[in-house]
Amino acid sequence: MLLGLVEGNVVTTIKHKSMLGWRVLIVQPLGAGGGPDGDPVMAIDNLGAGHGSKVVISNDGKGTRELVGDDKSPVRWSVIGIVDE
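Bear in mind that the values here come from a model prediction, so they are computed numbers and not experimental data. (Residues numbered from 1 in each chain as written. Predicted model: local features only at pLDDT ≥ 70, side-chain atom pairs only at ≥ 80, totals over all residues. Heavy atoms only, no water.)

### With respect to the overall build of the protein
Step number 1: Within the protein one finds 1 helix and 5 strands.
Step number 2: Computed over the C-alpha atoms, the radius of gyration of the protein is 12 Å, within 12% of the 12 Å expected from 2.2 N^0.38 for a compact globule of 85 residues.
Step number 3: Taken over 85 residues, the protein has a buried fraction of 36%.
Step number 4: Once local pairs closer than 6 in sequence are excluded, the contacts in the protein between residues at least 24 apart make up 51%.
Step number 5: Carbon and sulfur atoms make up 53% of the accessible area of the protein, which amounts to about 5200 Å² in all.
Step number 6: Here the protein holds 8 positive side-chain charges and 10 negative ones, and the gap between their average locations is 8 Å. (Helix = DSSP H or I, 4+ residues; strand = E, 2+ residues; numbered from the N terminus. Rg over C-alpha atoms; globule rule 2.2 N^0.38 Å. Buried < 20%, exposed > 50% of the residue type's maximum accessible area, 1.4 Å probe, protein only. Contact = heavy atoms within 4.5 Å. Areas by Shrake-Rupley, 256 points an atom, 1.4 Å probe, with all protein chains shown as cover. Lys, Arg positive; Asp, Glu negative; His and termini not counted. Charge placed at Lys NZ, Arg CZ, Asp CG, Glu CD.)

Structural data, given as structure tokens:
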């Protein structure tokens with residue numbers, strides 16, 4: 001699990017079938033000091049996080065694939081919480 005900052009939404013014309021109906025966000029992981037840590041990632045979101053929201057993301061690919069209901073899904077990251085500041 002990592003803290004991240006939502007930088008935007010992903011807009012696509014074609015999605016893997018397992019991602020239909022899911023919002024996909026661009027999330028910048030944050031380090032211990034609160035600054036960017038690594039490259040941004042794409043994460044599915046069913047909690048309604050918005051641009052600029054601080055979120056908790058998980059890279060548990062197996063758990064995320066169970067969430068979308070497809071063992072062959074390319075999805076790895078998911079938003080599992082929104083930080084209330």
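### Points about the pattern of salt bridges
Step number 1: Scanning all chains against the criterion turns up 2 salt bridges.
Step number 2: The partner of E66 in a salt bridge is K62, with the nearest N and O atoms 2.9 Å apart. Of the two residues, E66 and K62 both sit in helix α1 (residues 61–68), 4 residues apart, roughly one turn of that helix. Both residues of the pair, E66 and K62, count as exposed. (Salt bridge = Lys/Arg side-chain N within 4 Å of Asp/Glu carboxyl O.)

### Things to note about the sheet that holds strand β5 (residues 77–82)
Step number 1: Read once around its circumference, the closed barrel built from 5 strands follows the order β1-β2-β3-β5-β4, with strand pairing classed as mixed. For this sheet, the mean angle separating the axes of adjacent strands, direction not counted, is 55 degrees. (Pairing = 2+ DSSP bridges. Axes fitted to C-alpha atoms, helices over the stretch in contact; angles between N-to-C directions.)

### Comments concerning α1
Step number 1: Among the residues making up α1, those that are buried are G61, T64 and V68. Take α1 and look down its axis: the buried residues cluster within an arc of 65 degrees, on one side only. Exposed residues pointing more than 90 degrees away from the buried face of α1 are listed as K62 and E66.
Step number 2: Downstream of α1 by a residue or two, G69 has a phi angle that is positive, lying close to 75 degrees. (Arc of directions from axis to C-beta.)

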